[in-house]
Amino acid sequence: MLDVSLIGTSGMMPLPNRYLTALYLRLNGRLLLIDCGEGTQVTLKSLGWGFKNLDVILITHFHADHISGLPGLLLTVGNSGREEPITIIGPRGLSHVVKSLLVIAPELPFEINIIEMQKPEEFQIGEFNIKSLNVEHGMDCFAYSIYVKRLGKFNPEKAKALNLPVKFWSVLQKGETVEYEGKTYEPDLVMGDCRKGIKISYCTDSRPVKRLVPFIAHSDLFICEGIYGEDEKIDKAREYKHMIFKEAATLAKDGEVKELWLTHYSPALTNPKEFLNNARAVFKNSYCGYDRKCVTIMFEE
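Residues numbered from 1 in each chain as written. Predicted model: local features only at pLDDT ≥ 70, side-chain atom pairs only at ≥ 80, totals over all residues. Heavy atoms only, no water.

## A word on the overall build of the chain
Piece 1. In terms of helices and strands, the chain carries 9 helices and 16 strands.
Piece 2. Scaling as 2.2 N^0.38, a compact globule of 301 residues should have a C-alpha radius of gyration of about 19 Å, and the chain matches this with 21 Å.
Piece 3. Dimensions of the chain, computed from the C-alpha atoms along their principal axes, are close to 70 × 50 × 35 Å.
Piece 4. Counting only residues that meet the buried cut, the chain has 51% of its 301 residues in that class.
Piece 5. A separation of at least 24 residues holds for 66% of the contacts in the chain among residues at least 6 apart in sequence.
Piece 6. In the structure as shown, the chain presents an accessible area of about 14200 Å², 50% of it carried by carbon and sulfur atoms.
Piece 7. Across the chain, 36 positive and 38 negative side-chain charges occur, with their mean positions spaced 4 Å apart. (Helix = DSSP H or I, 4+ residues; strand = E, 2+ residues; numbered from the N terminus. Rg over C-alpha atoms; globule rule 2.2 N^0.38 Å. Buried < 20%, exposed > 50% of the residue type's maximum accessible area, 1.4 Å probe, protein only. Contact = heavy atoms within 4.5 Å. Areas by Shrake-Rupley, 256 points an atom, 1.4 Å probe, with all protein chains shown as cover. Lys, Arg positive; Asp, Glu negative; His and termini not counted. Charge placed at Lys NZ, Arg CZ, Asp CG, Glu CD.)

## With respect to the packing of aromatic side chains
Piece 1. Taken as a whole and judged by the stated rule, the model has 3 aromatic pairs.
Piece 2. Ring geometry for tyrosine 24 versus tryptophan 49: centroids 5.9 Å apart, planes at 15 degrees, classification stacked. Within this pair, whereas tyrosine 24 is found in strand S2 (residues 22–27), its partner tryptophan 49 is found in the loop between helix H1 (40–47) and strand S4 (54–58), the two being separated by 25 residues in sequence. Like tyrosine 24, the residue tryptophan 49 is buried in the burial classification.
Piece 3. Taking 5.3 Å as the distance between ring centres and 55 degrees as the angle between the ring planes, the aromatic pair formed by phenylalanine 168 and tyrosine 180 counts as tilted. You can see phenylalanine 168 sitting in the loop between helix H4 (156–161) and helix H5 (169–173) and its partner tyrosine 180 sitting in strand S10 (residues 178–180), a full 12 residues away along the chain. (Phe/Tyr/Trp six-rings, centres within 6.5 Å; stacked < 30°, edge-to-face > 60°.)

## Thoughts on the side chain of aspartate 35
Piece 1. Checked against the element boundaries, aspartate 35 lands in the loop between strand S3 (30–34) and H1.
Piece 2. Separated by 3.5 Å, the side chains of aspartate 35 and tyrosine 202 make a polar contact.
Piece 3. If sequence neighbours within four positions are ignored, aspartate 35 has contacts with Thr21, Ala22, Leu58, Ile59, Thr60, His61, His66, Tyr202 and Thr204. (Polar contact = N/O pair within 3.5 Å; in protein donor to acceptor, adjacent residues only side chain to side chain.)

## Focus: the sheet that holds strand S9 (residues 142–150)
Piece 1. Across the sheet, which stays open at both edges, the 7 strands sit in the order S7-S8-S9-S12-S13-S14-S15 with mixed pairing between neighbours. Across the chains shown, the open sheet's two edge strands, defined by having one partner strand only, are strand S7 (122–125) and strand S15 (286–288). Taking the axes of each pair of neighbouring strands and ignoring which way they run, one obtains an average angle of 20 degrees across the sheet.
Piece 2. Where strand S8 (residues 128–134) meets S9, 6 bridges bridge the pair, whose relative direction is antiparallel. (Pairing = 2+ DSSP bridges. Axes fitted to C-alpha atoms, helices over the stretch in contact; angles between N-to-C directions.)

## Here we look at the sheet that holds S3
Piece 1. If you walk across this open sheet you meet the 7 strands as S6-S5-S4-S3-S2-S1-S16, and the pairing is mixed. If you trace the sheet from one side to the other, it starts and ends with strand S6 (112–117) and strand S16 (294–297), each paired once. Along the sheet, successive strands turn relative to each other by an average axial angle of 15 degrees, direction set aside.
Piece 2. Here 4 bridges tie strand S1 (residues 2–8) to S16, and the two strands are oriented antiparallel to one another. Bridge pairing in S16 places serine 5 opposite cysteine 294.

## As for the side chain of threonine 60
Piece 1. Its place among the elements puts threonine 60 in the loop between S4 and helix H2 (70–79).
Piece 2. Not counting residues up to four positions away in its chain, the partners in contact with threonine 60 are Ile34, Asp35, His66, Pro91, Asp140, Cys141, Phe142, Tyr144, Tyr202 and Thr204.

Following this line, the structure appears as structure tokens:
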């Protein structure tokens, strides 16, 4: 199962009850963060998932509302006792941006591995399979999808045929490799075909470009910006390269996702639910995100 929490849902500036954009994922105790706006660590503390097991941070782009919380967060992670490296992935220029922000956090007890992208890439970090897609904003910006694979069912007949001691079967079943009597045994030797995993897609900030549709296709959850709820603000959204609720919902419908959470609201949008029907008229399973909105997504049987 995969735990998902919206950490912040505000765009541009934080509000008293709405911090800036971020998303947290938890899988078997390991943590992944997308974006790190101001107030991120405050909400993380309230959430109670901890900081020490944060392995990777994905940055969509370098506007301040998506990255200004990074120095404080990394200091808190350091104070949690973490010593293992943390990977930060983002657009080209990431090294310079992170180095500049860390002037005020110069002594961290762990290394930072920085990966800069000039084009869409795919990464495997722990059990998180991460894909990126360049989208349309006022600067280099990426959407992300996170896929959690699920192994096939254990096949005891395959295991018996290997003449491998029973004590190793559970190791292979967990997806780990076994070394025995000079031979290497891979998990796929005792497992059936892979079953459907879990897919989460995340996009902010961008216009609704067509390439997003196959990228988010069949997501269990699509989290997308909706900076304005009102249909009549479409021209303003186009000018600043953002989306209104209805455009996010259209992407969700075309991508055949299971559920849409709207986020990254304009500070002027004080009550997003007032305009939720504008999204639901297009895609029924649309919901307004809010800080600390959580869901646990289970593997399908």
